[in-house]
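Chain by chain, the residues run as shown.
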Amino acid sequence: MTELTTRWLELELRSPLVVGASPLTDDLDALKACVEAGAGAVVMHSLFEEQLVAEQMAAHRFIDSRINMDAEARSFFPESEVFEMGSGSYCRRLELLRNALDVPVIASLNGISPGGWTQHARELEQAGAQAIELNLYDLATDPSDTADSLEQRQLAVVQSVVEQVNIPVSVKLSPFYSALPAFVAGVEAAGARGLVLFNRFYQPDMDLDELSLSREVVLSSSAELPLRLHGMATLFGRTTLEMAASGGVHNGDDAAKAILSGATAVQVVSAVLAEGPQALARVTEEMKRRLSGMGYGSLAEARGVLSLENAPNAQAWERLNYARLLHGWK
Ligand SMILES: Cc1cc2nc3c(=O)[nH]c(=O)nc-3n(C[C@H](O)[C@H](O)[C@H](O)COP(=O)(O)O)c2cc1C
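Residues numbered from 1 in each chain as written. Predicted model: local features only at pLDDT ≥ 70, side-chain atom pairs only at ≥ 80, totals over all residues. Heavy atoms only, no water.

Novice: How would you sum up unusual backbone geometry? Please name residues and give values.
Specialist: Residues Leu197 and Phe198 are joined by a peptide bond in cis, for which omega reads 0 degrees. Structurally, the position occupied by Phe198 is in the loop between β8 (194-197) and β9 (205-207). Phi angles above zero are rare outside glycine, and Leu9 is one such case at about 55 degrees. If you trace the backbone, Leu9 turns up in the loop between β1 (6-8) and β2 (11-13). For Leu9, a relative accessible area of 1% translates into the label buried. (Helix = DSSP H or I, 4+ residues; strand = E, 2+ residues; numbered from the N terminus. Buried < 20%, exposed > 50% of the residue type's maximum accessible area, 1.4 Å probe, protein only.)

Written as structure tokens, this is what we have:
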């Protein structure tokens with residue numbers, strides 16, 4: 001039987017299956033059920049740069065109010081009903097989860113500009129976070145903002161968060177880098193310990209009747225997994241960062257594929273939101289059966305077996321296969 005214990009971000013996990021960042025953070029009973037169903041760790045939903053910056057601006061406003069309190073200045077503030085300001089309630093939630101759950105709890109920060117907000121990482125560590133996941137959810141919309149300037153800015157954010165804390169920092173990336181391995185080398189040099197591959201972009205659709213954007217969150221399917229497998233397989237052996245898959249893991253074969261392409265941890269969100277915490281028990285069982293059937297005694301034996309570095313046919317990950325596939329289509 002395959003041994004599922006794994007070491008990820010200096011944490012001993014009984015299973016590589018991790019509840020990824022999601023609204024489940026606010027549902028303690030559901031999280032307890034996820035742990036009962038076999039989750040190895042829990043990532044909280046993100047605390048956004050905008051929330052932290054809003055708090056700083058509010059402090060300035062209090063000081064400035066004696067001098068200048070005009071309508072324009074007030075309009076700079078994000079709507080408080082959308083974002084709760086500051087890290088206070090997030091840290092209280094974190095403490096509660098640490099006390100209530102007997103698996104590691106990882107806090108999540110989400111931001112894109114280097115600045116004072118990154119200092120809040122320290123509060124998360126003090127509140128008991130056992131690692132920090134930093135989500136670099138950025139969208140280039142300004143034609144004068146080059147890939148290089150955007151990446152340098154992101155690396156400065158990583159370094160700035162890493163400098164605040166002693167716990168490991170893992171960075172959640174978008175799949176859209178021209179040269180992912182080179183950027184990942186920069187993330188490693190900035191002091192991060194892990195990667196989460198990948199963010200899912202919530203691409204708004206269009207509502208043609210209302211002539212507006214529709215902002216529904218669509219849950220993933222297994223069809224989103226191969227992009228992650230490709231990213232991890234390409235990076236395995238070329239970075240010391242520990243990789244966690246995120247996106248499209250819905251069954252045991254998905255999880256097994258993530259491990260075979262190089263993942264140390266496998267995050268699951270949509271499957272749990274759609275099916276409930278028991279999805280984790282099902283995926284655990286299916287993954288175990290699959291890996292045992294393949295003869296692996298531990299996750300370490302299976303990890304990266306199908307990576308670019310170890311694949312019997314490395315071309316399958318590369319351009320040549322793409323050309324062959326297109327020519328061979330009937
Ligand atoms: C409703 C919802 C809320 C999410 N909130 C966050 C968040 O706060 N921070 C974050 O990094 N990812 C967030 N995610 C993304 C998930 O952590 C995960 O990366 C993504 O859903 C892909 O995994 P899946 O295919 O297992 O759903 C959210 C996803 C969903 C569906």
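Novice: Summarise the UniProt feature "domain: Dihydroorotate dehydrogenase catalytic" (unreviewed entry) in the chain; cite the residues concerned and give the values.
Specialist: Under the UniProt annotation, "domain: Dihydroorotate dehydrogenase catalytic" (unreviewed entry) lies at residues 87-291. Here residues 87-291 runs as 43% helix and 17% strand, with 41 Å between its end C-alpha atoms. (UniProt positions renumbered as here; feature names shortened; annotations may be inferred.)

Novice: I'd like a rundown of the layout of surface pockets, residues and numbers included.
Specialist: When its volume is computed, the largest pocket comes out at roughly 1300 Å³. Along the walls of the largest pocket sit 45 residues, with Phe48, Tyr137, Arg200, Tyr202 and Val217 positioned nearest its centre. Taken together, the residues of the lining of the largest pocket break down into 19 nonpolar, 18 polar and eight charged. In this structure, the second largest pocket is lined by 14 residues; those nearest its centre are Arg200, Phe201, Tyr202, Gln203 and Glu224. For the lining of the second largest pocket, the class distribution of residues is six nonpolar, three polar and five charged. (1 Å grid on protein atoms, 1.4 Å probe; cavity = no way out; pocket = protein on both sides within 12 Å on 5 of 7 lines; lining within 4 Å. Points joined across faces, edges and corners; volume = space filled by probe spheres on them. Nonpolar A, V, L, I, M, F, W, Y, C, P; charged D, E, K, R; others polar.)

Novice: Explain the site of the ligand to me, using residue names and the numbers behind them.
Specialist: In the vicinity of the ligand there are 19 residues, among which Ala21, Ser46, Asn135, Ser220 and Ser270 approach most closely. Interatomic distance of 2.7 Å between a side-chain N/O atom of Asn135 and an oxygen atom of the ligand. Separating an oxygen atom of the ligand from a backbone N or O atom of Gly248 is a distance of 2.8 Å. Its free accessible area being 600 Å², the ligand has 89% of it covered by the protein chains. (Near = heavy atom within 4 Å. Polar contact = N/O pair within 3.5 Å; in protein donor to acceptor, adjacent residues only side chain to side chain. Areas by Shrake-Rupley, 256 points an atom, 1.4 Å probe, with all protein chains shown as cover.)

Novice: Give a detailed account of the pattern of salt bridges, specifying residues and quantitative values.
Specialist: One pass over the structure, following the stated rule, counts eight salt bridges. Between Arg153 and Asp138 there is a salt bridge; the shortest N-O distance is 3.7 Å. A residue pair is termed long-range when its members are at least 10 positions apart, and Arg153 in helix α6 (residues 147-164) and Asp138 in the loop between β6 (131-135) and α6 qualify at 15 residues. Two residues, Arg153 and Asp145, come together in a salt bridge whose shortest N-O distance is 2.8 Å. (Salt bridge = Lys/Arg side-chain N within 4 Å of Asp/Glu carboxyl O.)

Novice: For the nonpolar core, give the residues involved together with the corresponding values.
Specialist: Leu109, Leu124 and Leu173 are the most contacted members of the largest nonpolar core, which totals 79 residues. Not counting residues within four places of it along the chain, the set of residues in contact with Leu173 comprises Leu136, Leu180, Phe183, Val184, Leu195, Val196, Leu197, Phe198 and Asn199. Of all hydrophobic cores here, the second largest spans twelve residues; its members include Leu9, Val18, Ala131 and Ala265. (Core = buried A, V, L, I, M, F, W, Y, C linked by side-chain atoms within 4.5 Å. Contact = heavy atoms within 4.5 Å.)

Novice: Describe the sheet that holds strand β12 (residues 265-268), naming the residues involved and giving the relevant values.
Specialist: The strand order β3-β4-β5-β6-β7-β8-β11-β12 describes a closed barrel built from eight strands, whose pairing is parallel. When strand polarity is set aside, the average angle formed by the axes of neighbouring strands in this sheet is 30 degrees. Bridge count between strand β11 (residues 242-246) and β12: three bridges; the pairing is parallel. Bridge assignment links Ser246 to a residue of β12, and that residue is Gln267. Against the sheet, α6 contacts β5 (105-110), β6 and β7 (169-173), and its axis sits at roughly 160 degrees relative to β6. (Pairing = 2+ DSSP bridges. Axes fitted to C-alpha atoms, helices over the stretch in contact; angles between N-to-C directions.)

Novice: Go over the packing of helix α7 (residues 180-189) against helix α8 (residues 225-235), please, and point to the residues and values.
Specialist: Between α7 and α8, the least distance of the axes is 10 Å, while the angle of their chain directions is 65 degrees. As summarised for this structure, α7 and α8 are arranged roughly perpendicular, according to the angle between their axes. Our pair here, α7 against α8, has a crossing hand that is right-handed. Two secondary-structure elements touch here, α7 through Leu180, Pro181 and Val184 and α8 through Gly231, Thr234 and Leu235. Taken together, the residues of the contact of α7 with α8 sort by class into four nonpolar, two polar and no charged. (Parallel < 35°, antiparallel > 145°, perpendicular 65-115°, else oblique. Left-handed = near helix turned anticlockwise from the far one by under 90°.)

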